[in-house]
Number of protein chains: 2
Amino acid sequence: MGKLLIVGSMAFDAIETPFGKTGKILGGAATFIGLAATQFKLRSAIVSVVGEDFPKAYMDILKDRDIDLSGVEVVKGGKTFFWQGKYHNDLNSRDTLATELNTLADFNPIVPDGFADADVVMLGNLHPNIQMSVINQMEERPKLIILDTMNFWMNHTWDELMDVIGKIDVITINDEEARQMTKEYSLVKAAAKIQEMGPKYVVIKKGEHGALLFHENNIFFAPALPLEEVFDPTGAGDTFAGGFAGYLTMAGNISFESMKNAIIHGSNLASFCVERFGTERMVELKKHEVEARLMQFKELTQFNIELT
Amino acid sequence: MGKLLIVGSMAFDAIETPFGKTGKILGGAATFIGLAATQFKLRSAIVSVVGEDFPKAYMDILKDRDIDLSGVEVVKGGKTFFWQGKYHNDLNSRDTLATELNTLADFNPIVPDGFADADVVMLGNLHPNIQMSVINQMEERPKLIILDTMNFWMNHTWDELMDVIGKIDVITINDEEARQMTKEYSLVKAAAKIQEMGPKYVVIKKGEHGALLFHENNIFFAPALPLEEVFDPTGAGDTFAGGFAGYLTMAGNISFESMKNAIIHGSNLASFCVERFGTERMVELKKHEVEARLMQFKELTQFNIELT
């Protein structure tokens, strides 16, 4: 069985959308990645850090999915990373109301025993130095290293980010960030420039407008499933990445064809994530629901044209 | 052979994009629709109006494609509809610098002999009363009536627009207009409301983000082909509609399955339209180019997932 190593935040989120408001609930990139990836047959572990205030019940949600949490450091007397945000009416943009790094500020990641030979490493959005430290702890080069990042690291740690981008296979990034990173408006040109920086595969996430996969001269596109209502977009990108990484870990073979399927699986899982606050929907997600919606993705996109 | 009746403007356009600027060139909804539709085997006619200033060379471009122009009125001493616009740097928005309706202001459409029994009627963006007049001139109910419209008519002729929308089968409309028309942000909800207004099929155009087809509980999505450079978006929506209508006229059967193919063909042709100013690219387009790009659409969207 393939092994997936997940690195990322575990957090408290407080979210406000036009549909309601939460108190502190379970969040964090590694959490969403783990919940999505464990939809597939694999062994997985999370490398992260939390404070003593992080509830056992939240840990149990991940443990119940057989995610190895021995790499999750619990800092004595420390507080868990906290993010608070409020989405605008169209749910496509948001204001960050609070970011308290807390224990994440001094996070020194330790890859747990048994996962230094992971097949796939999913580096969730974090300081590039933390991402690099994990790469350096791997016993041998993993089959696949996937990195997610955001504009904050481009603005503040460009050189460190470029170092880690030079060592990975796949980057997942949103459209505005791809443009910022390359100073190219065309996503085709932006993806070509990013490939020159290192990653052979570039995944550009466009939110409600779907995701594009670029590799050499090949392009694949997966739409987001059109939904009656998007309730809370928090975690959708991490869920997408988790589904993508989880599928590839299970599949074992790394090719453009298998990445197409990985993109569809990621989009499929993300379509559930946004239906409720935070991790609510992902925690209760059933296999038959996932499969039924995969069929919807087929109906949404597959056609049969004969040339005329 | 199926018959397609096209109603819409024939015009002079003057266009400015970040890549350059034109003088008065050939434009108009009916022109773009006709150039796209005649990529398919069919008989077609345009109902439109121009002034005496409209060059014979422009007429010949359409005549050379066997489009019947006997329904194009040439107003003695009249001037042709003129539109001037300037696109912003992202090419997703534009300012209209001039709109001179000229002969279009008093346009009284006359369906030409031999096309009052057309199989498909494509009502290009125009005053809804003109669109209604054409419907009323049909000898019998066409197999399919497709209507394109825009926010201007919602703002100024809502009642007349609703009357004509009650009589058609397919509406093509952009995402913002669908939201405006229904006061629903979710395109799924918007499409459901529009179906209640009359059309059984709703096509929502999202520009660079593709197009959605809604019919009862079915949804189909076609992306726009990711291009290195969009040169001039003018006419892309009309080219899409022309490809859509042209394919269905040729195919003869009206079903959700054939509409999927129509959407792909429309998106495919639109991807050429935006590569040059105005009609330049469409006029020189070769069959082998169209077919090669259809294969690109397949590669871009088709996948093969087995359930796990």
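Here the structure is a predicted model, which means the values were calculated and not measured. (Residues numbered from 1 in each chain as written. Chains lettered and ligands numbered in written order. Predicted model: local features only at pLDDT ≥ 70, side-chain atom pairs only at ≥ 80, totals over all residues. Heavy atoms only, no water.)

K.L.:
Hey, could you run me through the overall build of chain A in this one?
P.N.:
Along its length, chain A carries 11 helices and 14 strands. In terms of overall dimensions, chain A is globule-like: its C-alpha atoms have a radius of gyration of 18 Å, near the 19 Å expected for 308 residues. In terms of its C-alpha atoms, chain A occupies a principal-axis envelope of roughly 70 × 45 × 40 Å. Looking at chain A as a whole, 60% of its 308 residues are labelled buried. Put simply, of all contacts in chain A between residues at least 6 apart along the chain, 64% involve residues at least 24 apart. Here chain A displays about 12,200 Å² of accessible surface, and carbon together with sulfur accounts for 48% of that area. Each charge class in chain A was averaged separately, 29 positive and 42 negative side chains, and the resulting centres sit 2 Å apart. (Helix = DSSP H or I, 4+ residues; strand = E, 2+ residues; numbered from the N terminus. Rg over C-alpha atoms; globule rule 2.2 N^0.38 Å. Buried < 20%, exposed > 50% of the residue type's maximum accessible area, 1.4 Å probe, protein only. Contact = heavy atoms within 4.5 Å. Areas by Shrake-Rupley, 256 points an atom, 1.4 Å probe, with all protein chains shown as cover. Lys, Arg positive; Asp, Glu negative; His and termini not counted. Charge placed at Lys NZ, Arg CZ, Asp CG, Glu CD.)

K.L.:
Explanation requested: the relation of the copies chain B and chain A in the structure shown.
P.N.:
One copy of the chain maps onto the other through a rotation about an axis followed by a shift along the same axis. With an RMSD of 0.0 Å, the fit of chain B onto chain A corresponds to turning through 180° and sliding 0.0 Å along the axis. The two molecules are tied by a two-fold rotation axis, judged by turn and shift. Looking at the interface residues of chain B, 100% of them are also at the interface in chain A, so both copies use one shared face. (Least-squares fit on C-alpha atoms with pLDDT ≥ 70 in both.)

K.L.:
Help me out: how do you make sense of the UniProt feature "domain: Carbohydrate kinase PfkB" (unreviewed entry) in chain A in this one?
P.N.:
Taking the UniProt record as the reference, the feature "domain: Carbohydrate kinase PfkB" (unreviewed entry) is found at residues 3-282 of chain A. Split by type, residues 3-282 of chain A is 35% helix and 28% strand. Its first and last C-alpha atoms lie 21 Å apart. (UniProt positions renumbered as here; feature names shortened; annotations may be inferred.)

K.L.:
What is the right way to read the sheet that holds strand 9 (residues 120-123) of chain B from this model?
P.N.:
Across a sheet, strands are paired by hydrogen bonds formed along the backbone, either parallel or antiparallel in direction. All names here are of chain B. Reading across the sheet, the nine strands line up as 6-5-1-9-10-11-12-13-14 and stay open at both edges, with mixed pairing between neighbours. Because the sheet does not close on itself, it has two edges, and the strands there are strand 6 (67-75) and strand 14 (218-222). The average angle at which neighbouring strand axes cross in this sheet is 15°, direction not considered. Alignment of strand 13 (residues 211-215) against strand 14, held across five bridges, turns out to be antiparallel. Across the sheet, leucine 212 pairs through a bridge with phenylalanine 221, a residue of strand 14. Set on the sheet, helix 9 (residues 256-273) makes contact with strand 10 (144-148), strand 11 (170-174), strand 12 (201-205), strand 13 and strand 14; between it and strand 14 the angle comes to about 20°. (Pairing = 2+ DSSP bridges. Axes fitted to C-alpha atoms, helices over the stretch in contact; angles between N-to-C directions.)

K.L.:
Got a minute to help me understand the environment of valine 164 of chain A in this structure?
P.N.:
Residue and element names in this part refer to chain A. Within the secondary structure, valine 164 is located in helix 5 (residues 158-165). For valine 164, a relative accessible area of 0% translates into the label buried. Taking C-alpha positions, valine 164 is 20 Å from glycine 242, a pair spaced 78 residues apart along the chain.

K.L.:
Is there a simple way to explain the sheet that holds strand 9 (residues 120-123) of chain A in this structure?
P.N.:
Residue and element names in this part refer to chain A. Read across the sheet, nine strands follow the order 6-5-1-9-10-11-12-13-14 without closing on themselves; strand pairing throughout is mixed. Each edge of the open sheet carries a strand with a single partner, namely strand 6 (67-75) and strand 14 (218-222). Between one strand and the next, the sheet's axes are offset by a mean angle of 15°, whatever the strand orientation. When strand 5 (residues 43-51) meets strand 6, the two strands line up parallel, connected through seven bridges. Looking at strand 6, one finds that serine 48 is bridged to valine 72. Along the sheet, helix 9 (residues 256-273) contacts strand 10 (144-148), strand 11 (170-174), strand 12 (201-205), strand 13 (211-215) and strand 14; its crossing angle with strand 14, the most-contacted strand, is approximately 20°.

K.L.:
Explain helix 6 (residues 175-182) of chain B here, please?
P.N.:
Because an α-helix packs 3.6 residues into every turn, residues spaced three or four apart end up facing the same way. Residues and elements named next belong to chain B. Counting buried positions along helix 6 gives six out of eight residues, so the element sits mostly inside the fold. Buried within helix 6 are the following residues: Asp175, Glu177, Ala178, Arg179, Met181 and Thr182. Packed against the buried residues of helix 6 are helix 4 (151-156), helix 5 (158-165), strand 11, helix 7 (187-197) and strand 12. Its side-chain oxygen 3.0 Å from the backbone nitrogen of glutamate 176, asparagine 174 forms the N-cap of helix 6. Of the residues one or two after helix 6, lysine 183 is the one with positive phi, at around 55°. (Polar contact = N/O pair within 3.5 Å; in protein donor to acceptor, adjacent residues only side chain to side chain.)

K.L.:
What is the right way to read helix 2 (residues 56-63) of chain B from this model?
P.N.:
Those residues of helix 2 of chain B lying buried are Tyr58, Met59, Ile61 and Leu62 of chain B. When helix 2 of chain B is viewed along its axis, its buried side chains cluster within an angular range of 150° and face the same direction. (Arc of directions from axis to C-beta.)

K.L.:
I tried to follow the interface of chain B and chain A on my own but got confused; where do I start?
P.N.:
Frequently, the measure chosen for interface size is the accessible area removed from exposure when the parts meet. Taken together, the 39 residues of chain B in the interface contact 39 residues of chain A. Of the roughly 4,000 Å² buried where chain B meets chain A, counting both sides, 57% is carbon and sulfur surface. The interface formed by chain B and chain A holds two salt bridges in total. Of the charged contacts in the structure, one is a salt bridge between lysine 189 of chain B and glutamate 229 of chain A, with a shortest N-O distance of 2.7 Å. No other element matches the nine residues that helix 11 (residues 287-301) of chain B contributes to the side of chain B that touches chain A. Tallied by class, the residues present in the side of chain B that touches chain A amount to 18 nonpolar, nine polar and 12 charged. (Buried area = accessible area lost by both parts, 1.4 Å probe. Salt bridge = Lys/Arg side-chain N within 4 Å of Asp/Glu carboxyl O. Nonpolar A, V, L, I, M, F, W, Y, C, P; charged D, E, K, R; others polar.)

K.L.:
Could you clarify how one ought to interpret the nonpolar core in this entry?
P.N.:
Taken as a class, soluble globular proteins show a tendency for nonpolar side chains to be buried jointly. Within the largest apolar cluster, 231 residues are counted, with the highest numbers of intra-cluster contacts made by Leu5 of chain A together with Leu5 of chain B. If we skip the residues at most four places from it in the chain, leucine 5 of chain B touches Ala45, Val47, Val111, Pro112, Phe115, Ala118, Val120, Val121, Met122, Val134 and Met138 of chain B. (Core = buried A, V, L, I, M, F, W, Y, C linked by side-chain atoms within 4.5 Å.)

K.L.:
Just to check I follow, could you spell out the packing of aromatic side chains for this structure?
P.N.:
Under the defined criterion, the tally for this structure stands at 19 aromatic pairs over all chains. Look at phenylalanine 231 of chain A and phenylalanine 277 of chain A: their rings are 4.7 Å apart centre to centre, the planes differ by 75°, and that puts the pair in the edge-to-face class. Taken together, the residues span a long stretch of sequence, with phenylalanine 231 of chain A in the loop between strand 14 and helix 8 (236-251) and phenylalanine 277 of chain A in the loop between helix 9 and helix 10 (280-283) at a distance of 46 residues. Taken together, the aromatic side chains of Phe12, Phe54 and Tyr58 of chain A make up a single cluster linked through ring pairs. One cation-aromatic arrangement involves arginine 179 of chain B over tyrosine 185 of chain B; the distance from NZ or CZ to the ring centre is 3.9 Å. (Phe/Tyr/Trp six-rings, centres within 6.5 Å; stacked < 30°, edge-to-face > 60°. Lys NZ or Arg CZ within 6 Å of the ring centre and 35° of its normal.)

K.L.:
So what exactly am I meant to see when it comes to the packing of helix 6 of chain B against helix 7 of chain B here?
P.N.:
Helices that pack against each other are described as a pair by the angle of their axes relative to one another and the distance between those axes. Residues and elements named next belong to chain B. Where helix 6 meets helix 7, the axes come as close as 9 Å, and the angle between the chain directions of the two elements is 65°. Crossing of helix 6 over helix 7 shows left-handed handedness. Here Asp175, Ala178, Arg179, Met181 and Thr182 of helix 6 lie close against helix 7, whose contacting residues are Leu187, Ala190, Lys193, Ile194 and Met197. Residues that form the contact of helix 6 with helix 7 fall into these classes: six nonpolar, one polar and three charged. (Left-handed = near helix turned anticlockwise from the far one by under 90°.)

K.L.:
I would appreciate a short explanation of the pattern of salt bridges in the present structure.
P.N.:
Side chains carrying opposite charge are able to pair once their charged atoms draw close together. Inspection of every chain in the model, using the stated rule, returns 30 salt bridges over all chains. The closest approach of N and O atoms between aspartate 117 of chain B and lysine 3 of chain B, which form a salt bridge, is 2.9 Å. Within this pair, whereas aspartate 117 of chain B is found in the loop between strand 8 (94-100) and strand 9, its partner lysine 3 of chain B is found in strand 1 (residues 3-7), the two being separated by 114 residues in sequence. When its relative accessible area of 35% is taken as the criterion, aspartate 117 of chain B is described as partly exposed. One network of salt bridges, with partners in common, ties together Glu275, Arg281, Glu284, Glu289 and Arg293 of chain A.

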